[in-house]
Amino acid sequence: MSQSGKVLYVIVCAAGGAGDVGRLVALAQDAGWAVQIVATPSALDFIDVPALERQTGRPVRSRYRKPDEPKPPRADAIIVAPATYNTINKFAQGIADTYALGLLAEAPGLGIPVVVLPFVNGGLASREPFRRSVESLRAEGVPVLLGSGRSEPDMAAAGGGETESHPWVLALEALVALEEAGRRRRE
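What this report covers is the structure whose coordinates are included nearby. What you are looking at is a predicted structure, and each value in this text was computed from that prediction instead of being measured.

About the thresholds
Residues numbered from 1 in each chain as written. Predicted model: local features only at pLDDT ≥ 70, side-chain atom pairs only at ≥ 80, totals over all residues. Heavy atoms only, no water. Helix = DSSP H or I, 4+ residues; strand = E, 2+ residues; numbered from the N terminus. Expected span 1.5 Å × (residues − 1). Buried < 20%, exposed > 50% of the residue type's maximum accessible area, 1.4 Å probe, protein only. Arc of directions from axis to C-beta. Contact = heavy atoms within 4.5 Å. Polar contact = N/O pair within 3.5 Å; in protein donor to acceptor, adjacent residues only side chain to side chain. Right-handed = clockwise from strand over helix to strand, strands pointing away. Core = buried A, V, L, I, M, F, W, Y, C linked by side-chain atoms within 4.5 Å.

Here the focus is helix 6 (residues 128–139). The terminal C-alpha atoms of helix 6 lie 16 Å apart, and with 12 residues this matches the ideal 16 Å at 1.5 Å per residue to within 8%. Of the residues making up helix 6, those classed as buried are Phe130, Ser133, Val134 and Leu137. Buried residues of helix 6, viewed axially, fall in a sector of 100 degrees; they line one side. Exposed residues lying more than 90 degrees from the buried face of helix 6 are Glu135 and Ala139. On the buried face of helix 6, the contacting elements are helix 3 (85–93) and helix 5 (122–125).

Here you go:
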């Protein structure tokens, strides 16, 4: 458990960079978060499940729990990284056909902050359905870190094949900014 007792769900999709998600886990742990990895079913082939379970001290989840299995801790925040074209579009539409998407579908309605760090190539990112999904999520207060700008990765970094340049730290920075904004609204 983290010092603050706050739980961060990291939802990992089947995309380039997924195998390096341990870097995001380390950054989050250094920032005081307890991390729960949730992988889309396809992402299980992209990640080192035993290594992530050792790193987090928690089982990697990819399916709904059985009635006799213990409940995982409730998420205080969620980062989706790397987020695929498919997951971003389904999240925006409220489709909950996997455990990961079920968590995402209800998070905004429960007030759980969500940050999305896409890993989408330029051809898919230029499609109108994707642009509408990004706009829809942003309209709900979900930061989608896509495009140019200081707090967002550019298209090359988000859609390229290099995991070295995958901007994990930007997801945490966006989460901190989201929490600060929420704290200011409550004061």
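This part covers the environment of tyrosine 99. The topology assignment puts tyrosine 99 in helix 4 (residues 99–110). Once the C-alpha coordinates of tyrosine 99 and valine 38 are considered, the two residues, 61 residues apart in sequence, prove to be 8.2 Å apart. Contacts of tyrosine 99, omitting those with residues within four sequence positions, involve Tyr9, Val38, Arg61, Ser62, Arg63, Tyr64 and Pro72. Polar contacts involving the side chain of tyrosine 99 include one to the side chain of arginine 61, which spans 2.9 Å.

Bringing the pairing of strand 1 (residues 7–12) into the picture now. With respect to burial, strand 1 is a largely interior element, 6 of its 6 residues being buried. Of the two faces of strand 1, both are covered, the one formed by Val7, Tyr9 and Ile11 as well as the one formed by Leu8, Val10 and Val12. Chirality of the crossover, the property in question, places the unit of strand 1, helix 1 (residues 22–30) and strand 2 (residues 34–39) among those that are right-handed.

Glancing now at the nonpolar core. With 31 residues, the main nonpolar core has Ile78, Val80, Val114 and Val116 as its most contacted residues. Sorting the residues of this core by element identifies strand 1, strand 2, strand 3 (77–83), helix 3, helix 4, strand 4 (114–118) and helix 6 as the ones contributing at least two each. Excluding residues within four positions of it along the chain, valine 116 makes contact with Val80, Ala83, Ile88, Phe91, Val142, Pro143, Val144 and Leu145. Counting 28 residues, the second largest nonpolar core, distinct from the first, contains Val25, Ala28, Ala43 and Leu117.

Coordinates in, geometry out; function isn't part of it.
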